[in-house]
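These are the residues of each chain, in order.
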Amino acid sequence: MKEQTATIDIPKKTKVTGSEAVMLSFIAEGVDTIFGYPGGAIMPIYDALMNYSDKINHILTRHEQGAVHAADGYARVTGKVGVCMATSGPGATNLITGISNALLDSTPLVCITGQVAAPLLGTDAFQETDMVGISMPVTKWNYLITKTEDIPWAIAQAFYIAKSGRPGPVLLDITKDAQFGEMEFEYKRCLHIRSYDPKPKPDISMIERAAQLINQARKPFVLFGQGVVLGNAEEEFRKFIEKSGIPAAWTILGVAALPTDHPLNMGMLGMHGRYATNIKTNECDLLIAMGMRFDDRVTGDLKRYARQAKVIHFEIDPAEVEKNVKVDVAVIGDLKDTLPLITKKIKSRDHTSWISGFKDLDRIEYEKVVKRDFYPEKEGITMAEVIRRINEQTNGDVVWVTDVGQHQMFASRYCKITQPRSFITSGGLGTMGFGLPAAHGVKIGAPDRQVILFVGDGGLQMTIQELGTINQTQAAVKIVLMNNRYLGMVRQWQQLFFEKRYSETYLKNPDFIKVAEGFGIKGKKVLQRPELDDAISEMLKYNGPFLLEVSIEKEDNVFPMVPAGASVSDVILGEHEKKSH
């Protein structure tokens, strides 16, 4: 989505307080929504916010972690920069998990924290914490503002850095006296920073070398990640694979870059990816990586990863090239720019014979895994059949949001996706508790779209207080709670690799329906399979937030699976094939 520019005249050379300067700077950047939680050191900014409540919608979360995850979800579904605010000390440190999540998943955020007055810095004043020092490893840039006049340029630079090149989170820590001070306000958007080159110009010689390898390959394989989505290059990517005829597989964050029913879409890669995509990674003669970083969950054992293949890496961040996998050609640049260039130079090809090998392996996976997941013989309901039945009633016209765990893997494998920016999850950090606040942020950013959250009973309880935020806004988030009364993914590993010694993974849960009702949210619990379809229909039709709790089979495991440290060729299709972890 193209970022919107504010439709308001920003006063120039007008005397304002630092707090007003923050609000005016936000308006100049087109900010329409902020997620946050007030406190002493940021109170002046919250006071100024009241004067601009007709232009900026503030969402009062119930915890600062909820604010940053909501801003993350908002940013991912809209393509804009997410904004959150918190006070100093514990308020600021409560943002760190969400900021770390945003850094690993390349989400553009601007986080504003209050700080004690400048004369008190370093004195261990009440709620003083060195946020620049704490946040430095998990931000793209951070800055301590101690002077009122620095506020506009710092905010302008923050937005530019957060959204340019490879996006990421930025933190500005503003002392209380800087918020109270006065200045002559003038705002200039940042368009350039010396020595910072966020959008490298493509090297045509690398494009030509890549095209030559693609045109010569007999068994090429494209691996695509979130870089396609972040570059708004979904259309350019589709044209590339359709002209080249090359099968393509995705990382968990890249899933929405291509409709799941596209004939060249081979499915997910990695630890719980498709059987075919993992096997064929070690059979292809050319691996073409686009906007992905060769995460360990995708590659498995690097010493046994695609050793037979030449590798082309399309990437905007040079630091990611050869960080994990040695490449033959590196094409540095924005995929929006590099994809059309490579598409012009490649030949139209037919790789039907190569693709048929994927289909053969898909049939094996269907018989051994998918059929069991979708149509279980066990009495208990499986997560996959819940997803299948929701797919049938929505036809994929949904923004899917997940928390972290088994349900996340089932969702990424089986959710039907038809539009870009339609699958929001915590990838790199794997943050339990991400789902509920992120889904709220997604619904605020995309109010006209159906937003469905898949969450486990463990993850929900990590940020369950955000049901209060949803109740306050009445955002119509549909929450599907997959309740197996266990920390499911940990329990699966204990079952497979620790002789079913279920150490500290059983959960004695509350009555979630009563909890939801206590927060003013309608709920329904499904215990038996015949109740499921009607309950899903009721949830989808309900005009408001809804919690659907489904009692799930305890030992409902996610397969295929590449055991940790194994080669992607060692993918297993069931418990009977388990190998040493």
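Parameters at a glance
Residues numbered from 1 in each chain as written. Predicted model: local features only at pLDDT ≥ 70, side-chain atom pairs only at ≥ 80, totals over all residues. Heavy atoms only, no water. Buried < 20%, exposed > 50% of the residue type's maximum accessible area, 1.4 Å probe, protein only. Helix = DSSP H or I, 4+ residues; strand = E, 2+ residues; numbered from the N terminus. Pairing = 2+ DSSP bridges. Axes fitted to C-alpha atoms, helices over the stretch in contact; angles between N-to-C directions. 1 Å grid on protein atoms, 1.4 Å probe; cavity = no way out; pocket = protein on both sides within 12 Å on 5 of 7 lines; lining within 4 Å. Points joined across faces, edges and corners; volume = space filled by probe spheres on them. Nonpolar A, V, L, I, M, F, W, Y, C, P; charged D, E, K, R; others polar. Left-handed = near helix turned anticlockwise from the far one by under 90°. Contact = heavy atoms within 4.5 Å.

**Some words on the pairing of strand β17 (residues 451–456)**
Then, number 1: In terms of residue burial, β17 counts as a mostly covered element, since six of its six residues are buried.
Then, number 2: Neither face of β17 is open: one carries V451, L453 and V455, the other I452, F454 and G456, and all of them are buried.
Then, number 3: Bridge analysis of strand β15 (residues 399–402) against β17 gives four bridges, and the strand direction is parallel. In the sheet register, W400 faces β17, and the bridge partner there is I452.

**What about the sheet that holds strand β14 (residues 329–332)?**
Then, number 1: Read across the sheet, six strands follow the order β11-β10-β9-β12-β13-β14 without closing on themselves; strand pairing throughout is parallel. Strand pairing shows two members of the sheet lacking a second neighbour, β11 (265–268) and β14, which therefore form its edges. The average undirected angle you get between the axes of adjacent strands in this sheet is 20°.
Then, number 2: Examined bridge by bridge, strand β12 (residues 286–290) and strand β13 (residues 310–315) share five bridges and lie parallel to one another. Along β13, the bridge assignment pairs M290 with F314.

**Regarding the layout of surface pockets**
The gaps left among the atoms become clear once a water-sized probe is rolled over them.
Then, number 1: Counted as a void, the second largest pocket has a volume near 460 Å³.
Then, number 2: Every residue lining the second largest pocket is counted, 19 residues in all, and those nearest its centre are T260, R274, R413, Y414 and C415.
Then, number 3: Every element with two or more residues in the lining of the second largest pocket is listed here: β11, α15 (352–374), α16 (383–394) and α17 (406–414).
Then, number 4: When residues in the lining of the second largest pocket are grouped by element, the largest group, six residues, is from α15.
Then, number 5: Among the residues making up the lining of the second largest pocket, the classes are represented as six nonpolar, five polar and eight charged.

**Examining the packing of helix α1 (residues 18–28) against helix α7 (residues 151–163)**
Then, number 1: Interhelical geometry of α1 versus α7 gives an angle of 35° and a closest axis separation of 9 Å. Crossing angle aside, the handedness with which α1 passes α7 is right-handed. Of α7, the residues touching α1 (which contributes G18, A21, V22, S25 and F26) are I151, P152, I155 and F159.
Then, number 2: When grouped by side-chain class, the residues that make up the contact of α1 with α7 number seven nonpolar, two polar and no charged.

Note that all results are geometric; they support no functional claim without further evidence.
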